Amino acid sequence: MLRSLFVDFNSYFASVEQQLNPTLRGRPVGVVPVMADTSCCIAASYEAKVLGIGTGTGVAEAKRLCPDIAIVLADHAKYVEVHHRAVAVVDSIAPVRQVLSIDEMECELTGRWQQRARAVALAERIKAELLTHVGECMRTSVGIAPNTLLAKLASNMQKPDGLTVIELHELPARLYELPPKAISGIGPRMVQRLARCGIHTMAELYAAPRELLRTAWGGVAGAEMYDKLRGQWYGPREKVAKSLGHSHVLPPDLRHPDGAFAVLNRLTQKAAMRLRKQNVYATSMSVHVRCRRGRAGHTGDERAAQVGETQDTAFLLHTLEQLWHSGLHLLPQPVMVGVQLHGLIAAGQHTGDLFGFYEATADAQAVTAPAGSLSARTAQGIAPVRDRRKLLAAIDALNGKHGKNTVYFASAQAGLDHAPMRIAFNRIPDLESER
């Protein structure tokens, strides 16, 4: 029985760029986070892929392989806008059950649409309507199968512009040509864990007993994988975010401590606004810096601190400053920085301060450092006023109405234009918050 129709856009970022800029059509295109030869491609058009240029290829290497390649600065707002248009088109033909990423969505097949001929006709109509209403460059590969995992695998079997069906009676033979890492969620570490269980191929993964997969996955996820590979239907699992954050590759003119700190300020302010937008509180914060490897051998470092339960931008900026001066400011040649807020608590579970303040006023916040790094320092809390919630809500409202940089903390001034919207694998940015 066919129940899942999986739509996967081909070379999504690059395809959007080619659709919106006709001069890029038919040309090798590399999409980059920052315009620098030391950066790398986060997407490549199929014209570039046939030349050996793909995600992760350095810009300098891409230019060596193809001197005529068009290097385009990523514009994530455009990708989100096109994504919403694409979802609307698909949903008008077959209800979209879940959006898995910026370039992937799934529809559930019901009734007579579970018949192979009807499912294929539906997929062909979706592909045609997307080309008509979203753009001729927006090609898709569609997979049809008994469940989401198998449909996603099917969508990857024929690219670009493919349409592949896997029926229950074709299992497991249709999967044997794939390596286990073709399954979403099986990364390098999971490959190693499977190898320790004697599993190296898809045939071995399929033949493994349920309990062995429980051991490999370390719990119920292994048993679920056993069932999914055999075509068992399952619904989307409710996802509860445990953290949120932002990272950014620094442009060449900001690859020094002052520039890195300014961008971290901007990232922290964005993360704090997202906390309030999602109505959650963070209980800890981490800051990481990645450096260019030099003679001293530095590759980067990380610091973390407990922050109570907070949504407060000023308090998080104060914590950032303490973390930064605990040794991160001494790192040479920073090339990427990031801020992550952990231990998210829903507003309904938030415990307010006993004395009515929004944040702690005197408790020391422990700064933790990885083994072998510089010694930890302490970050003392600040004392926000009672009406800080209203102040921050007013700032968010102004930025939402007039643009994200209408009101901001001045410490981010130097990095104001260098922390743009970024699309994570499983998160579609909120344009209202990001702009």
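Draft legend 1. Geometry of helix 10 (residues 220–229). For helix 10, the complete set of buried residues consists of G222, A223, M225, Y226, D227 and L229. In this structure, the buried residues of helix 10 make contact with helix 6 (148–155), helix 8 (202–207) and helix 9 (210–217). Of the residues trailing helix 10, G231 is marked for its positive phi of about 90°.

Draft legend 2. Fine view of the sheet that holds strand 2 (residues 29–32). Judged by pairing direction, the sheet is mixed, and its three strands sit side by side in the order 3-2-4 without closing on themselves. Each edge of the sheet is formed by a strand with only one pairing partner; in this case those strands are strand 3 (43–44) and strand 4 (70–73). Here strand 2 pairs with strand 4 via four bridges, running parallel. Note that in strand 4 the partner of V31 across the bridge is V72.

Draft legend 3. Inspection of the sheet that holds strand 6 (residues 104–108) at higher detail. The mixed open sheet is built from five strands, whose spatial order is 5-6-1-7-8. With partners counted over all chains shown, the strands left at the sheet margins are strand 5 (96–101) and strand 8 (163–165), one partner each. Taking each pair of neighbouring strands and ignoring which way they run, the sheet shows an average axis angle of 15°. With five bridges connecting them, strand 1 (residues 4–9) and strand 6 associate as antiparallel partners. By the bridge assignment for strand 6, S4 is matched with E108.

Draft legend 4. Expanded view of the pattern of salt bridges. Taken as a whole and judged by the stated rule, the model has 14 salt bridges. Put simply, K63 and D37 hold a salt bridge, and the shortest N to O gap is 2.8 Å. One end of the pair, K63, is in helix 3 (residues 59–65); the other, D37, is in the loop between strand 2 and strand 3, and 26 residues separate them in sequence. D161 is paired through a salt bridge with K127; the nearest N and O atoms lie 3.0 Å apart. Here D161, found in the loop between helix 6 and strand 8, pairs with K127, found in helix 5 (residues 116–133); they are 34 residues apart in sequence, far enough to count as distant.

Draft legend 5. Spatial organisation of the side chain of T164. Inspection of the secondary structure puts T164 in strand 8. Beyond its immediate stretch of four places on either side in the chain, T164 contacts V142, G143, I144, A154, M157, Q158 and R174.

About the cut-offs
Residues numbered from 1 in each chain as written. Predicted model: local features only at pLDDT ≥ 70, side-chain atom pairs only at ≥ 80, totals over all residues. Heavy atoms only, no water. Buried < 20%, exposed > 50% of the residue type's maximum accessible area, 1.4 Å probe, protein only. Helix = DSSP H or I, 4+ residues; strand = E, 2+ residues; numbered from the N terminus. Contact = heavy atoms within 4.5 Å. Pairing = 2+ DSSP bridges. Axes fitted to C-alpha atoms, helices over the stretch in contact; angles between N-to-C directions. Salt bridge = Lys/Arg side-chain N within 4 Å of Asp/Glu carboxyl O.

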